[in-house]
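What follows is each chain in one-letter form.
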Amino acid sequence: SLEVYHYAAPLPAPSIRRDAVGHVQIELPKSAEFSWKPHGQADPSHAVELVYTLDESQPTAGSARYLKALALPQGGVLKVCALQGNRLGPVVEQRIGLSQQDWKVVSFSSEHDATYAAAKAIDGDAQSYWHTSWSEPIPAHPHQLTVDMGREVTVGGFTYLPRQDRQVPDSMVENGSMAFSKDGKTWSAPIDFHFGNLVNDPSMRTEVFSAKQQARFFRFTSKSGAAGKPYAGAAEIGILP
(Lines give C-alpha, C1' and ligand atoms only; values in the text may rest on other atoms or scores of the structure.)
Protein backbone atom coordinates (compact mmCIF):
# COMPACT_ATOMS: atom_id res chain seq x y z
CA SER A 1 0.00 0.00 0.00
CA LEU A 2 1.05 3.57 -0.55
CA GLU A 3 -0.06 6.40 1.70
CA VAL A 4 0.62 10.06 0.97
CA TYR A 5 0.30 12.83 3.55
CA HIS A 6 0.42 16.59 3.21
CA TYR A 7 2.66 17.97 5.92
CA ALA A 8 3.20 21.68 6.46
CA ALA A 9 6.80 21.76 7.66
CA PRO A 10 7.39 24.19 10.55
CA LEU A 11 8.90 27.48 9.46
CA PRO A 12 12.56 27.87 10.46
CA ALA A 13 13.78 30.16 13.21
CA PRO A 14 15.95 33.01 11.86
CA SER A 15 19.29 34.07 13.31
CA ILE A 16 20.38 37.59 14.23
CA ARG A 17 23.91 38.92 14.02
CA ARG A 18 25.70 42.25 13.87
CA ASP A 19 28.26 42.83 11.14
CA ALA A 20 31.63 44.59 11.31
CA VAL A 21 30.14 48.03 10.56
CA GLY A 22 27.44 47.71 13.21
CA HIS A 23 24.47 46.78 11.03
CA VAL A 24 22.11 44.05 12.21
CA GLN A 25 21.53 41.19 9.78
CA ILE A 26 18.73 38.62 9.97
CA GLU A 27 19.15 35.30 8.16
CA LEU A 28 17.32 32.02 7.71
CA PRO A 29 19.38 28.87 8.29
CA LYS A 30 20.91 27.34 5.19
CA SER A 31 18.78 24.22 5.65
CA ALA A 32 15.70 26.35 5.00
CA GLU A 33 16.76 26.65 1.36
CA PHE A 34 16.10 22.93 0.75
CA SER A 35 12.52 21.66 0.85
CA TRP A 36 9.92 19.88 -1.26
CA LYS A 37 8.71 22.15 -4.04
CA PRO A 38 4.91 22.40 -4.27
CA HIS A 39 3.20 22.85 -7.63
CA GLY A 40 2.86 26.56 -8.26
CA GLN A 41 5.96 27.44 -6.28
CA ALA A 42 6.02 30.82 -7.99
CA ASP A 43 2.87 31.65 -6.01
CA PRO A 44 3.82 34.44 -3.53
CA SER A 45 1.99 32.55 -0.77
CA HIS A 46 4.80 29.96 -0.85
CA ALA A 47 7.57 32.55 -0.36
CA VAL A 48 9.15 32.82 3.07
CA GLU A 49 9.64 36.39 4.29
CA LEU A 50 11.07 37.82 7.49
CA VAL A 51 9.04 40.24 9.62
CA TYR A 52 10.26 42.12 12.68
CA THR A 53 9.41 44.63 15.40
CA LEU A 54 11.52 47.01 17.48
CA ASP A 55 8.89 48.09 20.04
CA GLU A 56 8.84 44.81 22.03
CA SER A 57 5.53 43.76 20.43
CA GLN A 58 5.15 40.33 18.79
CA PRO A 59 5.65 40.23 14.99
CA THR A 60 2.54 39.68 12.87
CA ALA A 61 1.80 39.33 9.17
CA GLY A 62 1.44 43.11 9.11
CA SER A 63 4.80 43.87 10.70
CA ALA A 64 7.72 45.46 8.85
CA ARG A 65 9.43 43.23 6.27
CA TYR A 66 13.15 42.68 6.58
CA LEU A 67 14.69 43.75 3.26
CA LYS A 68 18.21 44.86 4.18
CA ALA A 69 20.53 45.12 7.17
CA LEU A 70 19.19 47.36 9.94
CA ALA A 71 21.21 50.31 11.22
CA LEU A 72 20.56 50.32 14.97
CA PRO A 73 23.36 52.43 16.47
CA GLN A 74 21.45 52.81 19.76
CA GLY A 75 20.44 49.16 19.94
CA GLY A 76 17.02 48.01 21.09
CA VAL A 77 14.85 44.91 21.44
CA LEU A 78 14.50 43.11 18.10
CA LYS A 79 11.87 40.41 17.56
CA VAL A 80 11.79 38.56 14.24
CA CYS A 81 10.14 35.51 12.68
CA ALA A 82 9.58 33.86 9.31
CA LEU A 83 6.28 34.45 7.50
CA GLN A 84 4.76 32.24 4.78
CA GLY A 85 1.33 33.35 3.67
CA ASN A 86 -0.45 33.79 7.00
CA ARG A 87 1.74 31.28 8.84
CA LEU A 88 4.25 32.61 11.35
CA GLY A 89 7.33 30.76 12.53
CA PRO A 90 8.90 30.84 16.00
CA VAL A 91 9.76 34.31 17.26
CA VAL A 92 13.44 35.01 17.94
CA GLU A 93 14.10 37.85 20.36
CA GLN A 94 17.43 39.55 20.98
CA ARG A 95 18.47 42.64 22.88
CA ILE A 96 20.73 44.52 20.48
CA GLY A 97 23.60 46.42 22.03
CA LEU A 98 25.13 49.74 21.09
CA SER A 99 27.14 49.95 17.89
CA GLN A 100 30.81 49.05 18.45
CA GLN A 101 32.02 51.04 15.46
CA ASP A 102 33.96 53.70 17.42
CA TRP A 103 35.13 51.44 20.25
CA LYS A 104 38.77 50.71 20.94
CA VAL A 105 40.67 48.59 23.46
CA VAL A 106 42.78 50.79 25.70
CA SER A 107 44.32 48.06 27.88
CA PHE A 108 44.30 44.30 28.39
CA SER A 109 46.08 41.87 30.67
CA SER A 110 46.94 39.22 28.08
CA GLU A 111 46.42 38.06 24.49
CA HIS A 112 47.99 35.05 22.81
CA ASP A 113 48.90 36.71 19.49
CA ALA A 114 47.38 38.89 16.76
CA THR A 115 44.96 36.14 15.72
CA TYR A 116 43.49 36.11 19.23
CA ALA A 117 43.99 39.81 19.99
CA ALA A 118 41.95 41.61 22.64
CA ALA A 119 40.37 43.74 19.90
CA LYS A 120 38.68 40.60 18.54
CA ALA A 121 36.24 40.86 21.46
CA ILE A 122 34.70 44.03 19.98
CA ASP A 123 35.20 43.59 16.21
CA GLY A 124 31.61 42.61 15.37
CA ASP A 125 32.69 39.19 14.09
CA ALA A 126 31.26 36.29 16.10
CA GLN A 127 33.72 33.85 14.52
CA SER A 128 36.85 35.62 15.76
CA TYR A 129 37.67 35.86 19.46
CA TRP A 130 40.02 37.17 22.08
CA HIS A 131 42.03 34.50 23.92
CA THR A 132 44.59 35.11 26.63
CA SER A 133 48.03 33.55 26.30
CA TRP A 134 48.44 29.79 26.51
CA SER A 135 52.25 29.97 26.32
CA GLU A 136 54.20 28.93 29.40
CA PRO A 137 54.10 30.35 32.00
CA ILE A 138 50.33 30.59 31.47
CA PRO A 139 48.89 33.68 33.20
CA ALA A 140 46.08 32.95 35.66
CA HIS A 141 42.88 34.81 36.51
CA PRO A 142 42.02 37.59 36.92
CA HIS A 143 42.26 38.83 33.33
CA GLN A 144 41.09 42.28 32.28
CA LEU A 145 39.98 44.08 29.14
CA THR A 146 39.28 47.84 29.15
CA VAL A 147 37.36 49.49 26.30
CA ASP A 148 36.78 53.14 25.38
CA MET A 149 33.34 53.48 23.74
CA GLY A 150 34.21 56.89 22.33
CA ARG A 151 31.41 58.79 24.09
CA GLU A 152 29.45 58.71 27.32
CA VAL A 153 26.38 56.46 27.16
CA THR A 154 23.69 55.12 29.48
CA VAL A 155 24.41 51.46 30.17
CA GLY A 156 21.59 49.08 31.08
CA GLY A 157 23.53 45.83 30.91
CA PHE A 158 25.92 43.86 28.73
CA THR A 159 26.15 40.76 26.56
CA TYR A 160 28.84 38.10 26.44
CA LEU A 161 29.36 35.70 23.53
CA PRO A 162 31.92 32.93 24.15
CA ARG A 163 34.02 31.40 21.37
CA GLN A 164 31.86 29.88 18.63
CA ASP A 165 34.37 27.70 16.77
CA ARG A 166 34.01 24.55 18.90
CA GLN A 167 32.64 23.44 22.22
CA VAL A 168 35.71 23.55 24.42
CA PRO A 169 36.03 25.50 27.70
CA ASP A 170 39.28 27.33 26.86
CA SER A 171 38.72 31.13 27.11
CA MET A 172 35.08 30.83 28.26
CA VAL A 173 34.59 33.10 31.30
CA GLU A 174 32.31 31.60 33.93
CA ASN A 175 32.67 34.20 36.72
CA GLY A 176 33.70 37.81 36.45
CA SER A 177 32.72 41.43 36.87
CA MET A 178 32.07 44.62 34.92
CA ALA A 179 33.08 48.10 36.06
CA PHE A 180 32.37 51.48 34.45
CA SER A 181 34.01 54.89 34.27
CA LYS A 182 33.33 58.28 32.73
CA ASP A 183 37.01 59.27 32.47
CA GLY A 184 38.94 55.97 32.53
CA LYS A 185 40.38 56.83 35.96
CA THR A 186 37.58 56.68 38.53
CA TRP A 187 35.68 53.40 38.40
CA SER A 188 32.33 52.21 39.71
CA ALA A 189 32.01 49.30 42.11
CA PRO A 190 32.36 46.04 40.15
CA ILE A 191 29.13 44.27 39.15
CA ASP A 192 29.60 40.52 39.42
CA PHE A 193 28.24 38.01 36.91
CA HIS A 194 28.08 34.22 36.57
CA PHE A 195 27.53 32.30 33.32
CA GLY A 196 26.88 28.57 33.59
CA ASN A 197 26.80 25.70 31.08
CA LEU A 198 28.92 27.58 28.55
CA VAL A 199 30.50 24.52 26.95
CA ASN A 200 27.21 22.74 26.23
CA ASP A 201 25.42 25.97 25.32
CA PRO A 202 27.84 28.61 23.96
CA SER A 203 25.04 31.03 23.11
CA MET A 204 25.05 34.74 23.92
CA ARG A 205 24.55 35.58 27.59
CA THR A 206 22.67 38.72 28.61
CA GLU A 207 23.13 40.50 31.94
CA VAL A 208 20.70 43.33 32.74
CA PHE A 209 21.69 45.63 35.60
CA SER A 210 19.34 46.68 38.38
CA ALA A 211 20.71 50.24 38.19
CA LYS A 212 21.83 52.08 35.06
CA GLN A 213 25.38 53.35 34.65
CA GLN A 214 26.67 56.49 32.92
CA ALA A 215 29.99 55.62 31.33
CA ARG A 216 32.40 56.04 28.46
CA PHE A 217 34.71 53.18 29.53
CA PHE A 218 34.02 49.65 30.70
CA ARG A 219 36.35 47.07 32.23
CA PHE A 220 35.60 43.36 31.79
CA THR A 221 37.33 41.20 34.43
CA SER A 222 37.45 37.41 34.57
CA LYS A 223 37.60 35.62 37.91
CA SER A 224 37.38 31.99 36.77
CA GLY A 225 37.04 30.07 33.53
CA ALA A 226 34.74 27.24 32.50
CA ALA A 227 35.97 23.82 33.69
CA GLY A 228 38.56 25.58 35.86
CA LYS A 229 40.64 26.75 32.87
CA PRO A 230 43.10 29.62 33.51
CA TYR A 231 42.25 31.42 30.25
CA ALA A 232 39.83 34.24 29.46
CA GLY A 233 38.37 35.50 26.22
CA ALA A 234 35.29 36.50 24.28
CA ALA A 235 33.95 36.36 20.76
CA GLU A 236 31.97 39.52 21.45
CA ILE A 237 31.28 41.79 24.42
CA GLY A 238 28.37 44.18 23.88
CA ILE A 239 26.81 47.01 25.87
CA LEU A 240 23.03 47.28 26.21
CA PRO A 241 21.43 50.74 26.19
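Okay, so let's go over this structure. (Residues numbered from 1 in each chain as written. Predicted model: local features only at pLDDT ≥ 70, side-chain atom pairs only at ≥ 80, totals over all residues. Heavy atoms only, no water.)

Broken down by element type, the protein chain carries 0 helices and 16 strands. On the principal axes, the C-alpha backbone points of the protein chain span a range of 70 × 40 × 30 Å. Per-residue burial for the protein chain yields a buried fraction of 40% across its 241 residues. A sequence separation of at least 24 residues applies to 69% of the contacts in the protein chain between residues at least 6 apart. (Helix = DSSP H or I, 4+ residues; strand = E, 2+ residues; numbered from the N terminus. Buried < 20%, exposed > 50% of the residue type's maximum accessible area, 1.4 Å probe, protein only. Contact = heavy atoms within 4.5 Å.)

If you walk across this open sheet you meet the 3 strands as β1-β2-β5, and the pairing is antiparallel. Every interior strand has two partners, whereas the edge strands, β1 (15–18) and β5 (70–71), have only one. Two elements, strand β2 (residues 23–27) and β5, share 2 bridges in a ladder whose sense is antiparallel. Note on β5: the bridge partner recorded for V24 is L70. (Pairing = 2+ DSSP bridges.)

Time to look at the side chain of S177. With respect to the element layout, S177 can be found in strand β12 (residues 173–181). For S177, a relative accessible area of 6% translates into the label buried.

Summed over the entire model, instances satisfying the criterion amount to 8 salt bridges. Residue R216 pairs with D148 through a salt bridge whose shortest N-O separation is 2.8 Å. Here R216 is found in strand β14 (residues 205–225), whereas its partner D148 is found in strand β11 (residues 143–161), with 68 residues between them in sequence. By relative accessible area, R216 is classed as partly exposed at 31%. The closest approach of N and O atoms between R166 and D165, which form a salt bridge, is 3.8 Å. R166 gets classed as exposed once you look at its relative accessible area, which sits at 52%. Salt bridges linked by common partners bring R163, D165 and R166 together as one network. (Salt bridge = Lys/Arg side-chain N within 4 Å of Asp/Glu carboxyl O.)

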